[in-house]
Structure formats: structure tokens, C-alpha cells
Amino acid sequence: MRLLDFLFARRGTAPLARERLQIILAHERALNGKSGDLVRVLQEEILAVVARHLKVEREMVQIKLDRGAGISTLEIDIQMPAEGAAAH
Amino acid sequence: MAKVLVVTSGKGGVGKTTSAAALGAALAQAGQKVVVVDFDVGLRNLDLVMGAERRVVFDLVNVIQGDAKLAQALIRDKRVDTLSLLPASQTRDKDALTPEGVARVIAELREKFDWVICDSPAGIERGAQLAMRHADQAVVVTNPEVSSVRDSDRIIGLLDSRTELAERGERMEKHLLLTRYETARANRGEMLKTEDVLEILSIPLLGIIPESQEVLRASNIGSPVTLSNPLSAPARAYFDAARRLRGETVPMTVPEEKRGFVQRLFGRRVA
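Quick caveat: nothing in here was measured; it's all calculated off a predicted structure.

The rules behind these values
Residues numbered from 1 in each chain as written. Chains lettered and ligands numbered in written order. Predicted model: local features only at pLDDT ≥ 70, side-chain atom pairs only at ≥ 80, totals over all residues. Heavy atoms only, no water. Helix = DSSP H or I, 4+ residues; strand = E, 2+ residues; numbered from the N terminus. Buried < 20%, exposed > 50% of the residue type's maximum accessible area, 1.4 Å probe, protein only. Contact = heavy atoms within 4.5 Å. Areas by Shrake-Rupley, 256 points an atom, 1.4 Å probe, with all protein chains shown as cover. Pairing = 2+ DSSP bridges. pLDDT = per-residue confidence, 0-100. Expected span 1.5 Å × (residues − 1).

Chemist: Help me out: how do you make sense of the overall build of chain A in this one?
Modeler: When helices and strands are tallied, chain A shows 3 helices and 2 strands. Secondary structure elements of chain A occur, N-terminal to C-terminal, as α-α-α-β-β. Burial analysis of chain A (88 residues in total) assigns 22% to the buried set. Within chain A, residue pairs in contact and separated by at least 24 positions form 46% of the contacts whose partners lie at least 6 positions apart. Working note: accessible area of chain A is about 6900 Å², and carbon and sulfur atoms make up 57% of it.

Written as C-alpha cells, this is what we have:
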């Protein structure tokens, strides 16, 4: 049985380790490195643009950058203010 | 021109102190004047690994606070006379190190030695940042294991942002030292391979230190492995790495233990 395990079932776990590392590090580098600044800059500028037309608070604009191995997503979540709160 | 080298890793227990001692000794054995400085204030161990624990009178904190002269705190190795140790304090806490004080001591060491090797504490806090602050080059010690690789990545980020070199807009030369490597397990897909770690961290490779019982044996007897057993696999790997630090081109191999007939015969016994 052990021999069968060895021959068929037990693929090495190193490839999985490698893949998990690549994904988590891409994410962490985005948070710690220069792309972290990118998120901050985007947050400020988008907030400024939205604030020109809508009355929004800082925490109503949320930005999330998610970097995966194959696909990265930039998520922008803007909470609309209640009716009649249009700024100008 | 002296070189200041920080040996760092983020994660604890990967072999920073072992590697700082072995690389320092290997450079000194080649005739270079070397001092290894323990930055792990409160948890010093370099003295023990280098077999000088009973000779510590003054330490780095004493020198920084002006209670002792640098020459009084330096401990010269009894086996290699170009090798010295500057121990950390065991009784003080890490706040006893001041950035100005560390800068002054490093500057003074630069005048006396060819190599100033700073053995960093684990972590990414103050102590680790002070150890790397004045470095010209860094050795990032990494095990082929996920948590170690992740922490090394974090430390590389700090080397590129929180050091004097980085703040001046210059590039810090960084080297990867892969320790506790097991070629057979890596080949079987059980352990990250050298290429995996290199691809993820993207810094040049300084050396591959094979997993070996000689490393524990060396720390048991208080001797860098390049002195306790110069022909052992890890010692040969450290000698190669030291030569690369000096700018030599040495083919990259993972040294293997040479086992004689008698060793093979008795190799399996427990003690």
C-alpha cells in the first residue's frame, strides 16, 4: 500500500508551496511596495473626482487591489450618499 | 576599503548566527580582517556559537553608551587571529541601541577591519533595522520553506527602503544564502528548489548550504563550522560563499558529505 501511495498518490508538495508563495507575495508586495502608494494615490484622486459631483465622505470610497498569479483586480467601491445630497 | 555586511532573514532560526559566524571565520581564514557584530541585544548568542561566551566583559551597548572603549569590547578569536567578535548585551533591552551610537561604532569598525559583519536579530523591528542601517551589502538567509521565503521577501523590501544606501537613492547589493537545503528532497518535489526560491525572491545566489549534522555539532562545541570541520559539506559551501563575497567566480554546487568506509559502517548509530 505504501508503495502504491508513493508511486501514485504522493505528488510532491513543493509545487504547491511555490504557487502559494507567488500569490501571497504578489499581494504583499502590492501592499508594502510602490504599488501600495498606487492604491493610496488612486484613492485620493478618485475621491477628489467623486467629491466634485457627490457629497461623499472619505470612507465611502474604498479601493482594493488584488493581485493573483493569473489575474489582478482593482475593486472600486463608492457608496452613494442618500437622495438629495448631490453637492452642487 | 571596509565592507559592512548585514546577515539578515526576518524569520528566526533559519541560520543567521551560524552563517554570520561561518562566513566571518571563512573570510578571516583567508587572511581578511573580520569583525562579527551581534545586534541581538537581550538575546545574544553569537558569543556562544563562536565559543567566546566566557570571555565577554564589555559589549556593544557599553561601547555605544561610552562605558567602554571599542578595543575593550572586541574579543579576538583564539583560533584565527584576524577574527574578532563584538558581543551584544544580554542584560539590556533593544532600546539601548541608538541610531547615532550604532553609526559611530560602525564607522570606527570600518577603520580597523576589512569586513564588518552585522548579525541581525530576527524580526523586522528596530533591532533588525539598526543592524541593516549602515550596511553596504546584505546576505539574506533563507530556508527552502514557505514562511522563511515570505519573511525574506519582506526583509528585502526593508533593505531597499530603510537603509542609508536606499535613502541616498543607491542600490543595496543583496545576496541569497539558502540554508538547510536537501538536494534529494528538492529533487523529489518535497522541498522548494533553489530555482523556485531564486525566482520568487529575485536576488542573486551567494551559496547553498546543505542540511548537515555538522552545523549542530559546530554550535555544540562553540566553533564556526569552517573551523570545526573545514572539509565538511556545509563548511565547503561557506568557504565558496565567502570567496564569492570577495568577488571570485566559483561554480555553484551543493557540496555533499564525503563518507569514508568506516563512517559508512558506523554512520547509522544513534550517538
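From this point, the narrative continues.
Chemist: Sorry if this is basic, but what is going on with the sheet that holds strand E1 (residues 3-8) of chain B here?
Modeler: Two orientations exist for strands paired in a sheet by backbone hydrogen bonds: parallel and antiparallel. Residue and element names in this part refer to chain B. The strand order across the open sheet built from 8 strands is E3-E4-E2-E5-E1-E6-E7-E8, with neighbouring strands paired in mixed fashion. Across the chains shown, the open sheet's two edge strands, defined by having one partner strand only, are strand E3 (75-76) and strand E8 (205-210). Pairing of E3 with strand E4 (residues 83-86), which is carried by 2 bridges, proceeds in the antiparallel orientation. Bridging across to E4, Arg76 finds its partner in Ser84.

Chemist: What should I look at first to understand the confidence of the model for chain B in this one?
Modeler: When pLDDT drops low, the exact placement of atoms in the prediction is not to be read closely. The share of residues in chain B with pLDDT of 70 or more is 95%, and the mean pLDDT across the chain is 94. Interface confidence for the predicted complex, expressed as ipTM, amounts to 0.83; the pTM equals 0.81.

Chemist: Can you help me understand helix H2 (residues 14-32) of chain A in this one?
Modeler: Relative to the 27 Å expected for 19 residues at 1.5 Å per residue, H2 of chain A spans 26 Å between its end C-alpha atoms, a close match to the ideal helical length. Along H2 of chain A, the residues classified as buried are Ala14, Ala17, Leu21, Leu25, Glu28 and Ala30 of chain A.

Chemist: Before we go on, may I ask you to explain the environment of Ser232 of chain B in this structure?
Modeler: Residue and element names in this part refer to chain B. Mapped onto the elements of the fold, Ser232 is located in the loop between helix H12 (225-228) and helix H13 (233-245). Taking the C-alpha atoms as reference points, Ser232 and Val215, separated by 17 residues in sequence, lie 9.4 Å from one another. Excluding its chain neighbours within four sequence positions, the residues that come into contact with Ser232 are Glu214, Val225 and Glu257.

Chemist: Any chance you could explain the environment of Leu158 of chain B here in plain terms?
Modeler: Residues and elements named next belong to chain B. Within the element layout of this structure, Leu158 appears in helix H7 (residues 146-159). Accessibility expressed as a relative area gives 9% for Leu158, which makes it buried. Separated by 73 residues in sequence, Leu158 and Leu231 have C-alpha atoms that sit 36 Å apart. Leaving out residues up to four positions away in the same chain, Leu158 has contacts with Ile124, Gln129, Met132 and Thr163.

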